Amino acid sequence: MGDKKNKKSTADILQESRHVLYGDEVEVATVLENVLTLLNRMDTRLVSIEKNTSKNTSTLTQMNDKLNSLTARVIAVETDIVNVKSRVSDLETSSEGTGNLFDEVKSKTCSLEKDIEQLKRNNGDGNDSQSIKDELRKLESYNEKLKGKLLDMQCRSMKYNLIFTGLQEQRDENCEMKIRQFIHNEMKIQKPLEFGNIHRFGKSEPGKPRPIIARFLYYSDLDMVKKAGRNLRGTFYGVNEQFPPEIEEQRRKLYPIAKQARKEKLKVVMKRDKLYINDKLVKPDEIADDTEHKEPQRSTTRPNKRPRVNSTPERDGS
């Protein structure tokens, strides 16, 4: 039959078929061959259509899978947003309740201090009864307990706060964006973090940027940032926990002791105003007594130290 017949067009094949139908003399074998050729071409086209349909179906399936995945991600993000909003609301409610309780305890403490002072004045002449002295001691003891509770409440309210120092201050700046960029670029933390409120505090001084206080929603985020503070060694930046002034004053006495112990490769743990070296509680007064009688050594070099910033905001409305 040869390739020549295979190259016939569909029109030629139909023309020959018409000759058969209308009486033209054409061999039956030729007609059957033409029909077979048409059937083969139809089969080839059907196969091609099936392949294209299969490809389109596969593409649609992939698109559907991607759409389902994207929908799932959107739902997960919406859930996270709801959880974050709930967390922020809980923190705001907790902070408001802590603030009210703080004011109440502070008011009671001030009232007790006035009563104690009055009792001391009444007891100044030494002629009052023993019962007044006992009452005075009770009031003083109760007042100390209230102060302890007040201090503990302050520490708890500051537990989720970190103080960032050394960041340049600009007018109309976005403190949250600045902290996020600082944590990413300087502290090498890639994980997205969730914050409550971020702002500067303290009095403005020319050429001296005020510290930034950042409140974290999750303590695990705060702990990660605090540990990454080692990446700031040798810079003018600093990251510190926030404590009430009374606690910060005690910690300031413990910092040199802790630094020396770390140089000696000892185990150092500081919790609030307590310092533990090799699991033993260390009191700064005892250290001072031990070093009183030692001959002071003069240092020939003066290290450049970054001044430590008070972690408690001043109540100046800033």
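Residues take numbers from 1 onward in each chain, read along the sequence in its written order. Residues qualify for local features only when their pLDDT is at least 70, as the model is predicted, and side-chain atom pairs are given and counted only at 80 or more; totals for whole chains, interfaces and linings, by contrast, use all residues. Side-chain figures throughout are based on the complete set of non-hydrogen atoms in the structure, without hydrogens or water.

Turning our eyes to something else, we now look at the pattern of salt bridges. Put simply, a salt bridge is a Lys or Arg side-chain nitrogen that is within 4 Å of an Asp or Glu carboxyl oxygen. Inspection of every chain in the model, using the stated rule, returns 12 salt bridges. Between Arg156 and Asp152 there is a salt bridge; the shortest N-O distance is 2.8 Å. Taken together, the residues Arg156 and Asp152, both in helix 4 (residues 130–157) and four residues apart, mark about one turn of the helix. When accessible area is computed with a 1.4 Å probe and restricted to protein chains, residues below 20% of their type maximum are described as buried, those above 50% as exposed, and intermediate ones as partly exposed. For Arg156, a relative accessible area of 56% puts it in the exposed group. In this structure, the salt-bridge partner of Lys274 is Asp273, at a minimum N-O distance of 3.3 Å. Within the structure, one salt-bridge network assembled from shared partners comprises Asp223, Lys226, Lys227 and Glu241. Secondary structure is summarised from DSSP: a helix means a run of H or I of at least four residues, a strand means a run of E of at least two, and numbering begins at the N terminus for each.

Take the nonpolar core next. The criterion is simple. A nonpolar core is a set of buried Ala, Val, Leu, Ile, Met, Phe, Trp, Tyr and Cys residues joined through side-chain atoms within 4.5 Å. Phe164, Ile179, Ile183, Met187, Phe195, Phe216 and Val225 are the most contacted members of the largest nonpolar core, which totals 20 residues. No other element matches helix 5 (residues 175–185), which puts four residues into this core. In terms of nonpolar packing, the next biggest core, distinct from the first, is built from 10 residues, Leu254, Ala258, Ala261 and Leu275 among them.

Another aspect to go through is the sheet that holds strand 1 (residues 161–165). Sheet architecture is open: four strands sit in the order 2-3-1-4, paired in antiparallel fashion. At either end of the open sheet lies a strand with only one pairing partner, and these are strand 2 (195–200) and strand 4 (238–241). Across the sheet, the mean angle from the axis of one strand to that of its neighbour is 20 degrees, orientation sign disregarded. With respect to the sheet, helix 5 is in contact with strand 1, strand 2, strand 3 (212–216) and strand 4, its orientation differing from that of strand 2 by roughly 105 degrees. Pairing between two strands requires that DSSP report at least two bridges joining them. Every axis corresponds to a line fitted to the C-alpha atoms, with the helix fit spanning only the stretch in contact, and the corresponding angles, defined between N-to-C directions, vary from 0 to 180 degrees. A contact between two residues is defined here by any heavy atoms of the two lying within 4.5 Å.

Attention now moves to the packing of aromatic side chains. For Phe, Tyr and Trp, where Trp contributes only its six-membered ring, two rings pair if their centres lie within 6.5 Å, and the inter-plane angle classes them as stacked under 30 degrees, edge-to-face over 60, or tilted in between. Under the counting rule described, the total for this entry stands at four aromatic pairs. Arranged with centres 6.0 Å apart and planes meeting at 90 degrees, the rings of Phe164 and Phe182 form a pair that is edge-to-face. Residue Phe164 is found in strand 1, and its partner Phe182 is found in helix 5; the two are separated by 18 residues along the sequence. For Phe164, a relative accessible area of 1% corresponds to the buried category. Using a relative accessible area of 6% as the deciding quantity, one classes Phe182 as buried. Ring geometry for Phe195 against Phe216: centres 4.9 Å apart, planes inclined by 50 degrees, an arrangement best described as tilted. With Phe195 in strand 2 and Phe216 in strand 3, the pair connects residues that are 21 residues apart, well separated along the chain. Side by side, Phe195 and Phe216 carry an identical accessibility label, which is buried. Ring-pair connections join several aromatic residues into one group, and the members of that group are Phe164, Phe182 and Tyr237.

In the predicted model, the chain carries a mean pLDDT of 76, and the fraction of residues at 70 or more is 66%. Note that residues 295–305 has pLDDT below 50 and, in this model, one contact with residues that lie over four places away or in other chains. Here residues 314–318 is modelled with pLDDT under 50, and outside its nearest four sequence neighbours on either side it reaches seven contacts, counting other chains as well. Note on scores: pLDDT gives the predictor's confidence for each residue, bounded by 0 and 100.

Moving on: the sheet that holds strand 7 (residues 280–282). Sheet architecture is open: three strands sit in the order 5-6-7, paired in antiparallel fashion. Two strands bound the open sheet, and with one partner strand each, they are strand 5 (268–271) and strand 7. Direction aside, neighbouring strands of the sheet carry axes that sit 30 degrees apart on average. Strand direction decides the pairing type here: strand 6 (residues 274–277) and strand 7, joined by three bridges, are antiparallel. Following the sheet pairing, Leu275 is matched in strand 7 by Val282.

Taken together, the buried positions of helix 5 are Cys175, Lys178, Ile179, Phe182 and Ile183. Looking straight down helix 5, one finds that the buried residues subtend no more than 130 degrees of arc, so they occupy a single side. The elements touched by buried residues of helix 5 are strand 1, strand 2, strand 3, helix 6 (219–227) and strand 4. Side-chain atoms alone can form a polar contact between residues adjacent in sequence; in general such a contact is a pair of N or O atoms within 3.5 Å, and within protein one must be able to donate a hydrogen while the other accepts it. The N-terminus of helix 5 is capped by Asn174, whose side-chain oxygen sits 3.2 Å from the backbone nitrogen of Glu176. As used here, the arc belongs to the directions running from the helix axis to the C-beta atoms.

Let's shift gears to the pairing of strand 5. The side-chain alternation of strand 5 yields one buried face, formed by Val268 and Met270, and one unburied face, formed by Val269 and Lys271. As paired strands, strand 5 and strand 6 are joined by four bridges and run antiparallel to one another. Paired with Met270 across the bridge in strand 6 is Leu275. In textbook terms, the turn of a hairpin is the stretch between consecutive antiparallel strands, and for strand 5 and strand 6 this stretch comprises two residues, one of which, Arg272, has a positive phi near 55 degrees.

Two joining distances apply to patches: 9 Å for like charges and 5 Å for nonpolar side chains (Val, Leu, Ile, Met, Phe, Trp, Tyr), and every residue must have over 30% relative accessible area and no salt bridge. Residue exposure ignores everything except the shown protein chains as possible cover, and the areas themselves are Shrake-Rupley values with a 1.4 Å probe. A cluster of nonpolar side chains, Val35, Leu39 and Met42, forms an exposed patch at the surface whose accessible area comes to about 270 Å². With respect to the helices and strands, Met42 occurs in helix 3 (residues 28–122).

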